[in-house]
There are 2 protein chains.
Amino acid sequence: MHTPEPIGGARPTSRDVARAAGVSQATVSLVLGDKWRGRVSERTAEAVRETARSLGYRPNLAARNLRLGRTRTALLVVPALTNEFFAHVHTGAAAAAAAHGFGVVLYPSPDGLGPARDPFASAQAALDGVIASSMATDALEAFRGSDLPLVMLDSDPADAGAAAHVNLDVADGMRRVTDHLLGLGHRGFLHLASAAPSWTFDVRAATLAHALRGTDVRTVRSPLNVVAAGEAAERALAAAGPRPTAVICDDDILAVGVCKAARRLGLRVPEDLSVTGFDDMALATVVEPELTTVRLPAEEFGRRGMEALLAVLAGERPPSLTLPVTLVPRGSSGPAPAS
Amino acid sequence: MHTPEPIGGARPTSRDVARAAGVSQATVSLVLGDKWRGRVSERTAEAVRETARSLGYRPNLAARNLRLGRTRTALLVVPALTNEFFAHVHTGAAAAAAAHGFGVVLYPSPDGLGPARDPFASAQAALDGVIASSMATDALEAFRGSDLPLVMLDSDPADAGAAAHVNLDVADGMRRVTDHLLGLGHRGFLHLASAAPSWTFDVRAATLAHALRGTDVRTVRSPLNVVAAGEAAERALAAAGPRPTAVICDDDILAVGVCKAARRLGLRVPEDLSVTGFDDMALATVVEPELTTVRLPAEEFGRRGMEALLAVLAGERPPSLTLPVTLVPRGSSGPAPAS
DNA sequence: CCACCGAGGTTTTACGTATAACGTCCGACG
DNA sequence: CGTCGGACGTTATACGTAAAACCTCGGTGG
């Protein structure tokens, strides 16, 4: 029977390697840390490397972190992992981190877009910095007390609590959506907004309100899930008064709910009702017809966020960025029906 | 202008707290570690707590980890975060971990279901153990060299490299699918299989082959994404010979691709073609009609995996588990068309 | 002939924590 | 009256690493 090594199975330390190679611990550290040029002979260095390999030596990260006072690890806080968008953000952040020898610990704030209870208690890993993405305004409070450098993604650039900001130009995105729909002749709108009190959604609402001033706009809020969004949309579309001809959604998930509601109400998309989403996730091309939506550069977003954090850690003062977005017109939006 | 504390801004240590409270560092450690009963007076203890609070003391995790020789942190390796299934697995694992004061570091194997290059170099965090979920068979090799306790999810239970196994009863799931479709009168099948060389998919294929012996079965492999799956299915369905009346997919993502292909070919689902998925992710209820699929207890899966790891770390020898799955019949499967 | 230097190391120290081992004072008991 | 044992702490040490400071020895320039 295979016994998987006694649990605390003493791993070899740099001192073990030193003893086995007949040198001092300091020499081992120098060689393996690649700082031996001119201080240790090529012969000795190779011997040390060989010994380390044969013993299966792996440096103790805890000890190294303690000694160096940093961990080369960043925490990425996201509202919810089930939202594909944040998976892409993570990919970008992790790639940028890896390029600089950093690691990323992912921490999904447990209450969806709600407040993060104690990210640091949960993330046992010692951290060098934090990237908080698209957090609810109240959730951000949890980070005020920390003395860690903080980069905020998708939050109010005026907020002084962060060392740097990286944003998506959601205002421009929303403007492109309204321009698109106004150009198609729509004058009656339903704005299906996210119920989460987040800066990024506030911007969308304000932009939309401004761009559609003078037209007929109703707003309904819904949590970010298909079923709830469908119910909210169904109620709003079945309500009395003139029916909107276009539904603008804060997120693809909401838009999918609207499409399902439209089908239940016997409304054809886009002939009777145009629907637009936001994010351009895989979801957008799954529904029939495919969603007109705003594409966000999710991966670049994560990458820029990590680069900003790395800059802060290097003592620089990184500029605050706003990344451009694009409108992707697809089948879910069409000319307004003749009234 | 708000200067966010000098980057390396010396945080207070337990010794600083001790000095400020007029006690020794050991006393601080005892009090804050909640091991002071009978060794320190209530008055002193409260004074220490108060001082720590006012100084904003936070223990240095690196030092604690070094001292204790463990980190209370586990690594969860998943093939791809964009697959919603693994987000749920993480949720379950994180919950179980938190209940025992553990943290979870998420590591998405960068190459999808391909080999994980060096999980330990990337996860800078020191680790107590590893949970590897649904890894490709070759990717598992990356973990052989490690001396960390390893729990495998969704992999061959006969594999002796792991300290424990937790599995989903995918064989039973696939049998339920075939029973369901055979009961509906289907005799011509297409199996749209995942191209990833993973144990869990091998089991599905073998089970399907056995359950459908004697009927007409073709197999096509596709990567796990909607577009590729759609193309593969379209080719297979348009090919010469008798057309299958049911397509059995290894994953909901593949099934969605099939639905889109069916629409392009002018085939109605389920009247002309039945389609089944696997996993029961959000995707399954987004397409029209909604997918008949196999529901996997993803969150419990993650929870059980973490519990198994915790048991191993506690020196126990946890039993290998297989969790039950259920068939969720929906609109995408119906009676076989009369030929 | 001696001071100096560079090559090739070693000795030592510090990081911050947890805890085992060790004091000290005082009341009580034999 | 001695000493015993809580109550309440303190002192000392170890975890494994990185790196500053130091040592030794043979060659070399002045």
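The model shown is predicted, which means the values in this text are computed figures rather than measured ones.

**Quick word on the protein's contact with DNA strand C**
Near DNA strand C there are 25 residues, and of these Ser-41 and Thr-44 of chain A together with Ser-14, Tyr-57 and Arg-67 of chain B occur at the shortest range. Each atom of DNA strand C within 4 Å of the protein belongs either to a base or to sugar and phosphate, the latter forming 56%. One of the side-chain nitrogen or oxygen atoms of Thr-27 of chain A is found 2.6 Å away from a phosphate oxygen of DNA strand C. Between DNA strand C and Gln-25 of chain B, the relevant distance is 3.1 Å, taken from a base nitrogen to a side-chain nitrogen or oxygen of the residue. Counting residues per element, the ones that place at least two in the surface near DNA strand C are helix H2 (25-32) and helix H4 (61-68) of chain A together with helix H1 (14-21), helix H2 (25-32) and helix H4 (61-68) of chain B. Top element by residues in the surface near DNA strand C is H4 of chain B. It accounts for four residues. Looking at the surface near DNA strand C residue by residue, the classes come out as nine nonpolar, nine polar and seven charged.

**Section: the protein's contact with DNA strand D**
Lining the immediate surroundings of DNA strand D are 25 residues, of which Ser-14, Arg-15, Tyr-57 and Arg-67 of chain A together with Thr-27 of chain B lie closest. Among the atoms of DNA strand D lying within 4 Å of the protein, the sugar-phosphate backbone contributes 58%. Within the side chain of Thr-27 of chain B, a nitrogen or oxygen atom sits 2.5 Å from a phosphate oxygen of DNA strand D. Looking at side-chain class alone, the surface near DNA strand D contains nine nonpolar, nine polar and seven charged residues.

**A few points about the nonpolar core**
Membership of the largest hydrophobic core comes to 90 residues, with the highest contact counts inside it found for Phe-85 and Met-306 of chain A together with Phe-85 and Met-306 of chain B. With sequence-adjacent residues up to four places away left out, Met-306 of chain A is seen in contact with Ala-74, Ala-93, Ala-96, Ala-97, Val-104 and Ile-131 of chain A. Counting residues in hydrophobic clusters, the runner-up holds 55 residues, among them Ala-233 and Leu-237 of chain A together with Leu-254 and Leu-267 of chain B.

**Let's talk about the sheet that holds strand S7 (residues 216-222) of chain A**
All names here are of chain A. If you trace the four strands from one edge of the open sheet to the other, you get S7-S6-S8-S9, paired in parallel fashion. A single partner strand is all that each edge strand has here, and the edge strands are S7 and strand S9 (274-276). Pairs of neighbouring strands in the sheet enclose a mean axial angle of 15°, with direction left out of account. The pairing of strand S6 (residues 188-194) with strand S8 (residues 246-249) spans four bridges and is parallel. Bridge pairing in S8 places Phe-189 opposite Ala-246. Contacting S6, S8 and S9, helix H8 (residues 170-183) crosses the sheet at an angle of about 170° to S8. Strands S6, S7 and S8 of the sheet are contacted by helix H10 (residues 226-238), whose axis makes an angle of about 150° with S7.

**Side note on the packing of H2 of chain B against helix H3 (residues 42-55) of chain B**
All names here are of chain B. Running from amino to carboxyl end, H2 crosses H3 at an angle of 90°, the nearest separation of the two axes being 10 Å. Taken together, the axis directions place H2 and H3 in an arrangement best described as roughly perpendicular. Counting all contacts with H2, which are made through Thr-27, Val-28, Val-31 and Leu-32, the residues of H3 involved are Thr-44, Ala-45, Val-48, Arg-49 and Ala-52. Of the residues belonging to the contact of H2 with H3, the class tally is six nonpolar, two polar and one charged.

**Quick word on the interface of chain A and chain B**
On the chain B side, the residues contacting the 50 residues of chain A number 50 residues. There are four salt bridges connecting chain A and chain B. The salt bridge partner of Arg-263 of chain A is Glu-288 of chain B, with a shortest N-O separation of 3.6 Å. Taken together, the connections running from chain A to chain B amount to four residue pairs in polar contact (both at pLDDT 80 or more). The residue makeup of the side of chain A that touches chain B, split by class, is 26 nonpolar, 13 polar and 11 charged.

**Observations regarding empty space enclosed by the protein**
The full count for this structure, using the stated rule, is three cavities of 30 Å³ or more. The wall of the largest cavity is formed by Cys-259, Lys-260, Arg-263, Val-286, Val-287 and Glu-288 of chain A together with Cys-259, Lys-260, Arg-263, Val-286, Val-287 and Glu-288 of chain B. Broken down by secondary-structure element, the contributors of at least two residues to the lining of the largest cavity are helix H11 (252-264) of chain A together with helix H10 (252-264) of chain B.

**Digging into the side chain of Asn-83 of chain B**
Residues and elements named next belong to chain B. Mapped onto the secondary structure, Asn-83 falls in the loop between strand S1 (73-78) and helix H5 (84-99). Residue classification places Asn-83 among the buried residues on the basis of a relative accessible area of 9%. Each residue touching Asn-83, except ones within four places of it in the same chain, is listed here: Leu-224, Asp-251 and Ile-253.

**Looking at the sheet that holds strand S7 (residues 216-222) of chain B**
Residue and element names in this part refer to chain B. Strand order in the open sheet made by the four strands is S7-S6-S8-S9, with parallel pairing throughout. At either end of the open sheet lies a strand with only one pairing partner, and these are S7 and strand S9 (274-276). Taking each pair of neighbouring strands and ignoring which way they run, the sheet shows an average axis angle of 15°. Here seven bridges tie strand S6 (residues 188-194) to S7, and the two strands are oriented parallel to one another. Residue Phe-189 lies in a different strand from S7, and its bridge partner there is Val-217. The sheet contacts of helix H7 (residues 170-183) involve S6, strand S8 (246-249) and S9, and relative to S8 the element is tilted by about 170°.

**Describing H2 of chain B**
Residue and element names in this part refer to chain B. The set of residues buried in H2 consists of Thr-27, Val-28 and Val-31. Axial view of H2: buried residues confined to an arc of 100°, hence all on one face. Where H2 is buried, its residues touch H1 and H3. Downstream of H2 by one or two residues, Asp-34 has phi in the positive range, about 65°.

**Topic: the packing of aromatic side chains**
Residue and element names in this part refer to chain A. This model, assessed by the stated rule, comprises four aromatic pairs over all chains. Arranged with centres 5.1 Å apart and planes meeting at 80°, the rings of Phe-85 and Phe-86 form a pair that is edge-to-face. Their ring planes at 40° and their centres at 6.2 Å tell us that Phe-85 and Phe-301 sit as a pair that is tilted. Residue Phe-85 is found in helix H5 (residues 84-98), and its partner Phe-301 is found in helix H12 (residues 298-313); the two are separated by 216 residues along the sequence. Both residues of the pair, Phe-85 and Phe-301, count as buried.

**A look at unusual backbone geometry**
The phi angle of most residues is negative, glycine excepted, and most peptide bonds adopt the trans form. Of note, the bond from Val-269 of chain B into Pro-270 of chain B is cis; its omega dihedral lies within 30 degrees of zero at 10°. With respect to the helices, strands and loops of the structure, Pro-270 of chain B is situated in the loop between H10 and S9. Here the bond from Glu-288 of chain B into Pro-289 of chain B is cis, since omega is 0°, no more than 30 degrees from zero. With respect to the secondary-structure elements, Pro-289 of chain B resides in the loop between S9 and strand S10 (293-295). In this model, Arg-72 of chain A sits at a positive phi of 55°, which is unusual for a non-glycine residue. As for its placement among the helices and strands, Arg-72 of chain A is situated in the loop between H4 and strand S1 (73-78). We note that Asp-34 of chain B has phi near 65°; this positive angle belongs to a residue other than glycine.

Rules of the game
- Residues numbered from 1 in each chain as written.
- Chains lettered and ligands numbered in written order.
- Predicted model: local features only at pLDDT ≥ 70, side-chain atom pairs only at ≥ 80, totals over all residues.
- Heavy atoms only, no water.
- Near = heavy atom within 4 Å.
- Polar contact = N/O pair within 3.5 Å; in protein donor to acceptor, adjacent residues only side chain to side chain.
- Helix = DSSP H or I, 4+ residues; strand = E, 2+ residues; numbered from the N terminus.
- Nonpolar A, V, L, I, M, F, W, Y, C, P; charged D, E, K, R; others polar.
- Core = buried A, V, L, I, M, F, W, Y, C linked by side-chain atoms within 4.5 Å.
- Buried < 20%, exposed > 50% of the residue type's maximum accessible area, 1.4 Å probe, protein only.
- Contact = heavy atoms within 4.5 Å.
- Pairing = 2+ DSSP bridges.
- Axes fitted to C-alpha atoms, helices over the stretch in contact; angles between N-to-C directions.
- Parallel < 35°, antiparallel > 145°, perpendicular 65-115°, else oblique.
- Salt bridge = Lys/Arg side-chain N within 4 Å of Asp/Glu carboxyl O.
- 1 Å grid on protein atoms, 1.4 Å probe; cavity = no way out; pocket = protein on both sides within 12 Å on 5 of 7 lines; lining within 4 Å.
- Points joined across faces, edges and corners; volume = space filled by probe spheres on them.
- Arc of directions from axis to C-beta.
- Phe/Tyr/Trp six-rings, centres within 6.5 Å; stacked < 30°, edge-to-face > 60°.

Functional significance is not addressed by these values, which are geometric in nature.
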